[in-house]
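Results of the structural survey
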Amino acid sequence: MAVYDFGVTKVEFSGLRLHRSHAQGYLCDGMTKGIDMLVGRRWVLGGLLAGAALPAWAEAPAVSLRPKARVIKPTGAAALVEAAKLTGVVGYCVADLATGRVLESFGEAQTMPPASVTKSVTTAFALEKLGIEHRFVTRVMRTGAVANGRLEGDLILAGGGDPTFDTDKMGDLVAALAASGLREVTGKFVAYAGALPERVEISGDQPDFVGYNPAISGLMLNFNRVNFVWKAVNDGYSLAMNAEGARFVPPVSMARVQVVDRDVPVFAYEAGTAGDNWTVARGALGREGSRWLPVRHAAAYAAEVFQTLCAAQGIKLPNAEVVYTLPAAAEIVRHESEVLPDLLRKMMRFSTNLTAEAVGLAASGAGTLEGSAAVMTTWAQRRFGVQAVFGDHSGLGPKSRISPSAMVQVMIAARRDKRLSMLHDLLKTVDLPSVDGKPAAKAAKSGSMARVHAKSGTMNFVSNLSGYVDAPGGRSLAFAIFTADVPRRAAVPVWNRESPEGDRAWVKRAHRLQGQLLHRWGKAYL
């Protein structure tokens, strides 16, 4: 996204926009005709003009004249909002960070979908509950003894809820397993997926095929996405599924796809017993390409890729059995994720929904996503004194609501707290936008202009931005800009929500408004 993958909507300025009232003067036809019979038209015209100039001499008109309404054009931030021509509602709030004094606001109490701005709250929640030293751990374990490379017992791939575990990291884990001397397993191959609650998708109001709405599991791989690759061959297509990494590209069979003749939807999903079945519209493919599709059977996917990578290292494993209770076992090798702040920084930069849900679930310890979101809601209400509701930890679903003023309250409180102040440094950073709302020119000397640290949130006809503006001299602002046309979003069929008509232009105008407001506030208050 732009600055802004700072990644806000239109408000009806009923309080600022005046309806024109066209003043009309009236002359009585009978009066005019009577006068014309007595005197010449030229005299009448002169007399009427004189009457207009000298009201005290003129007879009162039969109908009271209405003065023209004076059109008052909005100025400042209101003018920027009106010029954006966004449907829906706009709300914004900007406050001095040191004093908390609100400097400018409009629609600040209106609750709206925060979209991925939710991730700022999730970051604060995870920092407090998990701590900065927290890591997610994926382990390979055994239930028996190993002698001469032979395991007399079960081999366990034990997921720890790591949302960033990928094929290359799994390949290195398998290489470490092979280096331990293991070559054969006499018992079962077990995949433990109970570290987090399992869920087939984050939100039910998103298209089946979007990679940012995958399954959640205690054992995850590649953000629970599988790579679909196609190439036209003769009169058909060569199709493949793989778990592509930078160094390893293992094939995948648990996810399958067929080409069909239809117009829409482009992709359609049908769940299998332990796999994913897809169909794709022939006309949408072109000559060749690839696309990451979400995985719904996350543990089975990770287990299959692990089995394939083990085979490449000379370790033969049977097909996996997925379990949700970890057996008593000894660890052989492990992979640890980055520490929580580094993981959160990447989550904020790339807005990865799965990371947000995983850290939120780990922080709450709840047994369901709904229960975990409720824990974070209660925490935010008590911690920051705000009225807000969160339906998940990523902002992808439809249930979350918070107002711009409440979001500013969260940002101010987080910045002042020793444990949560790290949020500021985890946000994406850019120079203050130019007057037209576009990214600032790169010619400015480093440290010579205000910097924006913010998280964007974008869905169909929803575009938000919240964070801080810091001046070189030390003064800072906290802000939130929310825009949403919820009825327009709701009218889009679920299968068409990846890129509905009109959404791109709407979001582009919202982004421009965000940049213009930030420029205004930086110049006016810093």
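For the structure, see preceding data.
An account of the accompanying structure is given in this report. All values reported here derive from a predicted model rather than from experimental measurement.

**A short note on the packing of aromatic side chains**
The full count for this structure, using the stated rule, is 12 aromatic pairs. Here Tyr92 and Trp521 contribute two aromatic rings whose centre-to-centre distance is 5.8 Å and whose plane-to-plane angle is 50°, an arrangement assigned as tilted. On the criterion of sequence distance, the pair formed by Tyr92 in strand β1 (residues 89-96) and Trp521 in helix α13 (residues 503-525) is long-range, its members being 429 residues apart. The exposure classification of Tyr92 matches that of Trp521, with both residues buried. On the basis of an interplanar angle of 55° and a centroid distance of 4.9 Å, the ring pair of Tyr269 and Trp278 is categorised as tilted. Taken together, the ring pairs connect Phe209, Phe228, Trp230, Phe267, Tyr269 and Trp278 into an aromatic cluster. A cation over an aromatic ring shows up here: Arg225 above the ring of Trp292, its NZ or CZ 4.8 Å from the ring centre.

**Digging into the pattern of salt bridges**
Side chains that differ in sign of charge can pair as their charged atoms come close. Inspection of every chain in the model, using the stated rule, returns 21 salt bridges. The salt bridge partner of Asp205 is Arg489, with a shortest N-O separation of 3.5 Å. Taken together, the positions of Asp205 in the loop between β8 (189-192) and β9 (225-233) and Arg489 in helix α12 (residues 486-490) put the pair 284 residues apart, joining distant regions of the chain. The same class applies to Asp205 as to Arg489, namely buried. Where Arg345 meets Asp342, a salt bridge forms, and the shortest distance between an N and an O atom there is 3.1 Å. Taken together, the residues Arg345 and Asp342, both in helix α7 (residues 340-350) and three residues apart, mark about one turn of the helix.

**Notes on the pairing of β9**
Alignment of β9 against strand β14 (residues 288-294), held across seven bridges, turns out to be antiparallel. Within β14, the position partnered with Arg225 by the bridge is Pro294. Across seven bridges, β9 lies against strand β10 (residues 236-242) in antiparallel orientation. If you follow Lys231 over to β10, its bridge partner there is Ser238. The hairpin turn running from β9 into β10, its antiparallel successor, is two residues long, and Asn234 in that turn takes a positive phi close to 55°.

**A closer look at the side chain of Asn353**
Counting through the fold element by element, Asn353 comes out in helix α8 (residues 353-364). Filtering out sequence-adjacent residues up to four positions away, Asn353 remains in contact with Ser116, Lys119, Ile202, Tyr212, Ser394 and Leu396.

**Considerations on the sheet that holds strand β20 (residues 476-484)**
Across the sheet, six strands lie side by side as β2-β1-β20-β19-β18-β17; this open sheet has antiparallel pairing. The sheet is open, and its two edges are formed by β2 (102-106) and β17 (428-431), each paired on a single side. For this sheet, the mean angle separating the axes of adjacent strands, direction not counted, is 15°. Where β17 lies against strand β18 (residues 451-459), four bridges are found, and the strand directions are antiparallel. Counterpart to Val430 in the pairing with β18 is Val452.

Scoring rules and cut-offs
- Residues numbered from 1 in each chain as written.
- Predicted model: local features only at pLDDT ≥ 70, side-chain atom pairs only at ≥ 80, totals over all residues.
- Heavy atoms only, no water.
- Phe/Tyr/Trp six-rings, centres within 6.5 Å; stacked < 30°, edge-to-face > 60°.
- Helix = DSSP H or I, 4+ residues; strand = E, 2+ residues; numbered from the N terminus.
- Buried < 20%, exposed > 50% of the residue type's maximum accessible area, 1.4 Å probe, protein only.
- Lys NZ or Arg CZ within 6 Å of the ring centre and 35° of its normal.
- Salt bridge = Lys/Arg side-chain N within 4 Å of Asp/Glu carboxyl O.
- Pairing = 2+ DSSP bridges.
- Contact = heavy atoms within 4.5 Å.
- Axes fitted to C-alpha atoms, helices over the stretch in contact; angles between N-to-C directions.

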